[in-house]
Amino acid sequence: MRMLPCGESGLLLELTSSAQVTAVYRALHSACDDGRLHGVRELVPAARTVLVAAEDGSTPPRERVGELIADLGDLDHLGSPSETPAEVTIPVRYDGEDLDLVARTAELSVAEVVELHSGAEYTVAFCGFAPGFGYLTGLPEPLQQARLDDSRSRIPAGSVGVAGEFSAVYPRSSPGGWRLIGRTEQVMFDPAADPPARLSPGDIVRFEPVG
């Protein structure tokens, strides 16, 4: 892991896997909540980094962050997280436009694709692209496929897709190039809700076939 300055009040942690990102984010978030880490305004996980944003006018707590990460032990051989993450179940109708394509690419039947995708346990590694768009790790290897060669100009809200090592649910209508395998009626982002986003980094997600 590398710790790099980011602007005047940020500290960027460079990691080597999404599992490390999740573990480090959870550890620092827990330390902020229970008072072991002070002076942090925001934690922002991404694919291979965690940004520690200090409070306005303060200096990033570099040494304390390093101590908390060292307490995790060997980042390449992480155990289960000590805290209990939130669990979210998302009902999915598996009828996506690219379901047959995903099955052919994986050399599986459609039923096997549905069984694999819905049988896995996912972790929200980070959120981005659009409000409420959670990048979910834990996608079975046969379903880890490239994005479409040509992105669609409009993907309906609630579409469930796969791309690379991730699965995700589109929280609103938007362009996108992920392979679509299903859809859900569950609202993934509501500005009037508290919290607005259905998913947060570290949450455990399962998909439940319906229909």
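Presented here is an overview of the structure given in this document. (Residues numbered from 1 in each chain as written. Predicted model: local features only at pLDDT ≥ 70, side-chain atom pairs only at ≥ 80, totals over all residues. Heavy atoms only, no water.)

With that out of the way, let us pick up the overall build of the protein. What the protein contains, in helices and strands, is four helices and 13 strands. Its C-alpha atoms give the protein a radius of gyration of 18 Å, within 12% of the compact-globule value 17 Å for 211 residues. In terms of principal-axis extent, the alpha carbons of the protein reach across some 50 × 40 × 30 Å. Within the protein, buried positions represent 44% of all 211 residues. Sequence-distant contacts, at least 24 apart, represent 62% of the contacts inside the protein between residues at least 6 apart. On the protein, roughly 10,800 Å² of surface is accessible, and the fraction owed to carbon and sulfur atoms is 48%. (Helix = DSSP H or I, 4+ residues; strand = E, 2+ residues; numbered from the N terminus. Rg over C-alpha atoms; globule rule 2.2 N^0.38 Å. Buried < 20%, exposed > 50% of the residue type's maximum accessible area, 1.4 Å probe, protein only. Contact = heavy atoms within 4.5 Å. Areas by Shrake-Rupley, 256 points an atom, 1.4 Å probe, with all protein chains shown as cover.)

For the rest of this paragraph, the subject is the pattern of salt bridges. Two side chains that carry opposite charge are able to pair once their charged atoms sit near each other. Counted under the stated rule, the structure contains twelve salt bridges. As a salt-bridge pair, Asp98 and Arg152 come within 2.9 Å of each other at their nearest N and O atoms. Remark: Arg152 occurs in strand β8 (residues 152-155) and Asp98 occurs in the loop between β5 (87-92) and α3 (99-106); sequence separation between them is 54 residues. For Asp98, a relative accessible area of 6% gives the class buried. For Glu185, the salt bridge goes to Arg183, with nearest N and O atoms at 4.0 Å. Arg183 gets classed as partly exposed once you look at its relative accessible area, which sits at 38%. The structure contains a network of salt bridges with shared partners spanning Arg41, Glu42 and Asp56. (Salt bridge = Lys/Arg side-chain N within 4 Å of Asp/Glu carboxyl O.)

As far as function goes, none of this settles anything; it's purely spatial.
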